[in-house]
Every structure is written in structure tokens, then in C-alpha cells.
Amino acid sequence: MKKDFLIIKTGNTVSRLLKTGEDFEDWIIAGTGLEPQRFITASIFQGEPLPDQEGLKGIFITGSPAYLTDGAGWNQVAAKYLRDAAATEIPVLGICYGHQLLAFAFGGEVGFHPRGREMGTTMLTLLAPAATDILFQGLPPTFPVSVSHQQTVTRLPAQAVLLARNELEPHHAFRLGSKAWGVQFHPEFSAAITRAYLAERADTLREEGHNPEALAAAVRETPHSASLLRRFVQIARC
């Protein structure tokens, strides 16, 4: 079976989930509905090389506990790779850190969110351009998504089309060109994964003035968000 989808792995999940033997790439693969044998996972944060792009149908970029502003050298390697992919119109979906990395690759800016951490389940609001976007079209104007991030795209690339936001995060989804998207939220997260993140960060959340128990109680499944993974592979396979 041809390996024609790439997952650029930018970090590992939290320790309590890593102990279960699953990580970002496993949730992404499961969410697409494709056979695992179709995927190449390249842990660029650990120095693994990125494959030749010939024959790739689509590229995912994972989340990470790292901060893009740490300036790790592999960010520049990934950024060039993403620019090359865009030049040949290979579909790209960047998630959380991947969303920020995609924006950075095309001249956007990333930094810590001025209003602090966003974590748990939140409501996403689609903007007018989403109605004609091939990834988002047909979705409800608002729907719940899972989030866990401290950094944000503080300035979008000049050519980016903003697709979604909420009260805290002004740049929750954008598109570059016709086939590259960044989403700050996590379409691969189930409610159980989101709760595990809240439990892992509970002490830090309290220190920051949040109530982790209330956030956990408000967690819900996010089927419209999850559908983006299957939608993306359908676009990539056209």
C-alpha cells in the first residue's frame, strides 16, 4: 500500500496520554478513517528527515508542547518544506502548533496570547469566507471545538483568508492559497483526550486563575470539528 499522507510531528502529547501508547499522529490517523499504512510520520522535532514530496496527497502538522518562539532550527526546515508543498498545491492541514508553524512559514507572526491560555471546549464562529471554503463549507455557523494553547498567531500572513474565530482567539482558522489550512483548535481530540489535558495541567490552570474542574465539566464531544479530518483527506484524494 502506497504511503501517500505525511504527518509532520512537532512534539509529543502529555505524559498521561503518552503512557497509553497513543499520540497526536494516532488520533489524526484514526480521525481520517484511512488505513494507518497510508501514513508516514516524521518526528521533525527529534531530527527525523522529511520525505520527498513526490507522490504525497496531503500533509498534516501536529500540535506540540513546545513554543514556536523558542526558535528551534527545525522550524525553518519545516517552513521551507511547507512553502514547497504549497507551490505544488499539496494539501496541508496544520493543527495548533502546526497552525502557527504554517502562518510563520508564510510571513505571519506568533507569540503568547495576550489574554492567556485557552483550554477545554469552546465555541467556534465561522466567518463569511468559510461559506465558500472547500474544507469548512456546509458546517454550522457555530460549533464546539477542543482547545489547548498558550501561543497564537498574532499576525496572519498577508495572503491568508481568515475563516474562524471566537471571543478569545481572533485567528482560529485560516486558509492560504486554495489547499493549505491552519486550525488553532484540535479536531483530533475526543472529550476524553481534552479532559486528560485538563487533568495534566490542573495545577498550572489554578495558578493562572482558572477552574480545571469547571472546565472539565464543560467538555463535550466535537463532531463537526472532528469531521474536518475526513473532509481534508477527501479534498486531498480528489
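Not measured: the values here are computed from a predicted model.

Enquirer: Got a sec to walk through the overall build of the protein chain? Specific residues and values, please.
Expert: Along the backbone of the protein chain there are eight helices and eleven strands. For the protein chain, the C-alpha radius of gyration of 16 Å lies close to 18 Å, the compact-globule estimate for 238 residues. In terms of its C-alpha atoms, the protein chain occupies a principal-axis envelope of roughly 50 × 40 × 35 Å. Counting every position in the protein chain, which comprises 238 residues, the buried fraction comes to 53%.

Enquirer: Break down the packing of helix α3 (residues 74–87) against helix α4 (residues 97–105) for me, citing the residues and quoting the values.
Expert: Close contact between α3 and α4 brings their axes to 9 Å; oriented N to C, the two are set at 75°. In this view, α3 runs roughly perpendicular relative to α4, as classed from their interaxial angle. Here Trp74, Asn75, Gln76, Ala78, Ala79, Leu82 and Arg83 of α3 come into contact with α4, specifically with Tyr97, Leu101, Leu102, Phe104 and Ala105. The residue makeup of the contact of α3 with α4, split by class, is nine nonpolar, two polar and one charged.

Enquirer: Please set out the nonpolar core residue by residue, giving values where relevant.
Expert: Of all hydrophobic cores here, the largest spans 31 residues; its most connected members are Phe60, Leu93, Leu126, Leu135, Phe136, Trp181 and Phe185. Secondary-structure elements contributing two or more residues to this core are β1 (5–9), α2 (24–32), β4 (92–95), β6 (118–126), β7 (142–149), β9 (161–165), β11 (180–183) and α8 (223–237). In terms of residue count, α8 provides more of this core than any other element does, six residues in total. Residue contacts for Leu93: discarding those within four places in its chain leaves Ile59, Phe60, Ile61, Leu135, Trp181, Val183, Leu229 and Phe232. In this structure, Leu56, Ala85, Leu101 and Leu102 belong to the second largest nonpolar core, which totals 30 residues.

Enquirer: Outline the environment of Ile95, listing residues and values.
Expert: Residue placement: Ile95 occurs in strand β4. When its relative accessible area of 0% is taken as the criterion, Ile95 is described as buried. Each C-alpha atom, one on Ile95 and one on Ile28, is 9.9 Å from the other, the two residues being 67 residues apart in sequence. Beyond its immediate sequence surroundings of up to four residues, Ile95 is in contact with Ile28, Ile61, Thr62, Gly63, Val183, Phe185, His186, Pro187, Glu188 and Leu229.

Enquirer: Quick one: what's the story with α3, residue by residue and with numbers?
Expert: Over its 14 residues, α3 extends 20 Å from the first C-alpha to the last, a length consistent with the 20 Å expected when each residue adds 1.5 Å. Those residues of α3 that fall on the buried side of the exposure criterion are Trp74, Asn75, Ala78, Ala79, Tyr81, Leu82 and Ala85. The buried residues of α3 occupy one face: seen down the axis, they fall within an arc of 165°. In this structure, the buried residues of α3 make contact with β1, β3 (58–61), β4 and α4.

Enquirer: Provide a residue-level description of the sheet that holds β4, including the pertinent values.
Expert: Hydrogen bonds between backbone groups are what pair the strands of a sheet, and the pairing can be parallel or antiparallel. Judged by pairing direction, the sheet is mixed, and its nine strands sit side by side in the order β2-β1-β3-β4-β11-β10-β9-β6-β7 without closing on themselves. Looking at strand neighbours, the two that pair on one side only are β2 (39–43) and β7, the edges of this open sheet. Averaged over all pairs of adjacent strands, the angle between strand axes in this sheet comes to 25°, irrespective of strand direction. Looking at chain direction, β6 and β7 are connected through eight bridges and run antiparallel. From the neighbouring strand, Thr122 faces β7, where its bridge partner is Val145. Sitting on the sheet, α2 is in contact with β1, β2, β3 and β4, with an inclination near 150° to β1. Contacts from helix α5 (residues 191–200) reach β6 and β7 within the one sheet, and its direction differs from that of β6 by about 135°.

Enquirer: Outline the pairing of β6, supporting the account with residue identities and numerical values.
Expert: Sheet analysis places β6 next to β9, joined by two bridges and oriented antiparallel. Along β9, the bridge assignment pairs Thr125 with Arg165.

Calculation criteria
Residues numbered from 1 in each chain as written. Predicted model: local features only at pLDDT ≥ 70, side-chain atom pairs only at ≥ 80, totals over all residues. Heavy atoms only, no water. Helix = DSSP H or I, 4+ residues; strand = E, 2+ residues; numbered from the N terminus. Rg over C-alpha atoms; globule rule 2.2 N^0.38 Å. Buried < 20%, exposed > 50% of the residue type's maximum accessible area, 1.4 Å probe, protein only. Axes fitted to C-alpha atoms, helices over the stretch in contact; angles between N-to-C directions. Parallel < 35°, antiparallel > 145°, perpendicular 65-115°, else oblique. Contact = heavy atoms within 4.5 Å. Nonpolar A, V, L, I, M, F, W, Y, C, P; charged D, E, K, R; others polar. Core = buried A, V, L, I, M, F, W, Y, C linked by side-chain atoms within 4.5 Å. Expected span 1.5 Å × (residues − 1). Arc of directions from axis to C-beta. Pairing = 2+ DSSP bridges.

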